[in-house]
Amino acid sequence: MAVKAVKPITDVPFFFVIDNRVTYSYIFSGTDPGMFTVRPNGTIDGKTEKQVFSFTHFDAWAYGTNFFTISLFKSGHNDPASPCTNAGVITSPAAGFATTPADCAGATEIYGLFRSTFGWNEIFNTKAFSIGPLHNVSFEVGMDANTENTYLAPAKRDVVAGLQFAFDLPYKGYFNVAPLVYWEFSNHNSFLQCGAGWNPNVPGVTCSPDGNTSYKPTWAVETNYYMDLGFLPENMQYFSISGRAGWYGNKGNQNEPLGVASGGTATAIELNSEPIRLTFDASKAFMGPKYSHFVDVWVAYRYWQNKFGLDHNTSPACLAAPGVSNHSCTESSLYSGITVKF
């Protein structure tokens, strides 16, 4: 008697999508708050070029997505590594203020970020949260961390939590907006450390025993988008646009939790953005659709105001003299690079 063959059960992979990429990019005129030089003609140079080496990971699974990126930023001479410094910047209590521009190794910063989402459609096994262009609503959590070998020696740690609303755009694009709670619970500032020599050493009042700052929780809104330029002729469909923007609310005094006695000023709303990136899918153009986005070449514009929450109008780190900006707390730069998928 004939027996019908049993179709083998195919294992469903835990991750539906796994996307790993490495990127080399160049920021033509980056900034680092408080780092500047004075040109021979008396004008102030608060800009520094930065090379960036990045690894990014994205995956999608049954209940959401995970995104992780870690980058190494290598600055030029205008943002020197400790103990070197630029004109007007303290090197140490003994050395006092530098009076000439430094000509030594640029600073190195490592910055990491992750975001995870948990979709309501998936959690509740429904399509109720897909209405019109709204694709899904998700819980979102994440964390950022950095370290840099300047005299300031920052060591930022923050967490975020909230919701993400995901919308569909034409040509397989998307637009995500996430209202979040943001808490920067730790950062290091060597200028605040007790025993530094340039502040009255009253622990917990005018100086911090360990040099750490801990800010108040605040609000944040993060957005990002992507869209292929599918309206172009078939022989030109190698281009896409993308971008991101994040707004972060006032998180208290910049010397939290020391307060006014430490000489700190109020922080300001921070905008960290890359409003547009134009990407050329080089691998698709030269190797065919099978290799789409294996090699991308891109150019972007980067804008970052009140960097790290420092008010570019009032924070001492942002001023060369009272009322005179050192142009280091607002970053406006062309940004370009190449990304390889593996």
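Residues numbered from 1 in each chain as written. Predicted model: local features only at pLDDT ≥ 70, side-chain atom pairs only at ≥ 80, totals over all residues. Heavy atoms only, no water.

**Q** What is the right way to read the overall build of the protein from this model?
**A** The number of helices and strands found in the protein is two helices and 19 strands. Dimensions along the principal axes, computed over C-alpha positions, put the protein at roughly 95 × 45 × 35 Å. Across the 342 residues in the protein, those meeting the buried criterion constitute 45%. For the protein, contacts bridging at least 24 residues in sequence account for 64% of all contacts bridging at least 6. (Helix = DSSP H or I, 4+ residues; strand = E, 2+ residues; numbered from the N terminus. Buried < 20%, exposed > 50% of the residue type's maximum accessible area, 1.4 Å probe, protein only. Contact = heavy atoms within 4.5 Å.)

**Q** Is there a simple way to think about the environment of Cys207 in this case?
**A** You can see Cys207 is positioned in the loop between strand S11 (173–188) and strand S12 (212–213). Residues Cys207 and Cys104, spaced 103 residues apart in sequence, show a C-alpha to C-alpha distance of 30 Å.

**Q** Hey, could you run me through the state of the cysteines in this one?
**A** Joining two cysteines, a disulfide is a covalent bond between their sulfur atoms. Enumeration over the complete set of coordinates arrives at two disulfides. One disulfide in the model links Cys194 with Cys207; its S-S distance is 2.0 Å. Taking the sign of the S-S torsion, about 90° here, the bridge from Cys194 to Cys207 comes out right-handed. Placement of the pair is Cys194 in the loop between S11 and S12 and Cys207 in the loop between S11 and S12, with a sequence separation of 13 residues. (Disulfide = S-S within 2.5 Å.)

**Q** Help me out: how do you make sense of the confidence of the model for the protein in this one?
**A** In the predicted model, the protein carries a mean pLDDT of 91, and 90% of its residues have values of at least 70. Across residues 90–97, where pLDDT falls below 50, the model places 19 contacts with residues more than four positions away in sequence or in other chains. (pLDDT = per-residue confidence, 0-100.)

**Q** I would appreciate a short explanation of the side chain of Glu274 in the present structure.
**A** Locating Glu274 in the fold gives a position in strand S15 (residues 270–281). The class of Glu274 is buried, set by a relative accessible area of 5%. In this structure the side chain of Glu274 is engaged in a polar contact, spanning 2.8 Å, whose partner is the side chain of Arg277. What Glu274 contacts, discounting residues up to four positions off in sequence, is Gly243, Arg244, Ala300, Tyr301, Arg302 and Tyr335. (Polar contact = N/O pair within 3.5 Å; in protein donor to acceptor, adjacent residues only side chain to side chain.)

**Q** I keep staring at the pairing of strand S10 (residues 157–169) and nothing clicks. Help me out?
**A** Two strands pair when backbone bridges link them, and strand S9 (residues 134–148) and S10 are joined in this way by eleven bridges, in the antiparallel orientation. The residue of S10 that forms the bridge with Asn136 is Ala166. Pairing of S10 with S11, which is carried by eleven bridges, proceeds in the antiparallel orientation. Along S11, the bridge assignment pairs Leu169 with Gly173. From the end of S10 to the start of S11, which pair antiparallel, there are three residues, and Tyr171 there has a positive phi angle of about 60°. (Pairing = 2+ DSSP bridges.)

**Q** Help me out: how do you make sense of the packing of aromatic side chains in this one?
**A** Ring pairs (aromatic) are described by centroid distance and by the angle formed between their planes. The full count for this structure, using the stated rule, is 22 aromatic pairs. Centre to centre, the rings of Tyr24 and Phe53 are 5.2 Å apart; their planes meet at 55°, and the pair counts as tilted. On the criterion of sequence distance, the pair formed by Tyr24 in strand S1 (residues 15–30) and Phe53 in strand S4 (residues 48–61) is long-range, its members being 29 residues apart. Note on Trp120 and Phe139: the rings are 5.3 Å apart at their centroids and 55° apart in plane angle, and the pair reads as tilted. Of this pair, Trp120 sits in helix H1 (residues 120–123) while Phe139 is found in strand S9, placing the two residues 19 residues apart along the sequence. For Phe139, a relative accessible area of 37% gives the class partly exposed. Above the plane of the ring of Tyr335 lies Arg302, whose end atom (NZ or CZ) is 5.5 Å from the centre. (Phe/Tyr/Trp six-rings, centres within 6.5 Å; stacked < 30°, edge-to-face > 60°. Lys NZ or Arg CZ within 6 Å of the ring centre and 35° of its normal.)

**Q** Would you explain the nonpolar core in this entry?
**A** Across soluble globular proteins, you tend to see nonpolar side chains buried next to one another. Listed in full, the eight residues of the largest apolar core are Ile27, Val52, Phe73, Tyr111, Leu113, Trp298, Ala300 and Tyr335. Residue assignment for this core shows that the elements contributing at least two residues are strand S8 (108–119) and strand S16 (295–305). If sequence neighbours within four positions are ignored, Val52 has contacts with Thr23, Tyr24, Ser25, Ile27, Ser71, Leu72, Phe73 and Tyr335. (Core = buried A, V, L, I, M, F, W, Y, C linked by side-chain atoms within 4.5 Å.)

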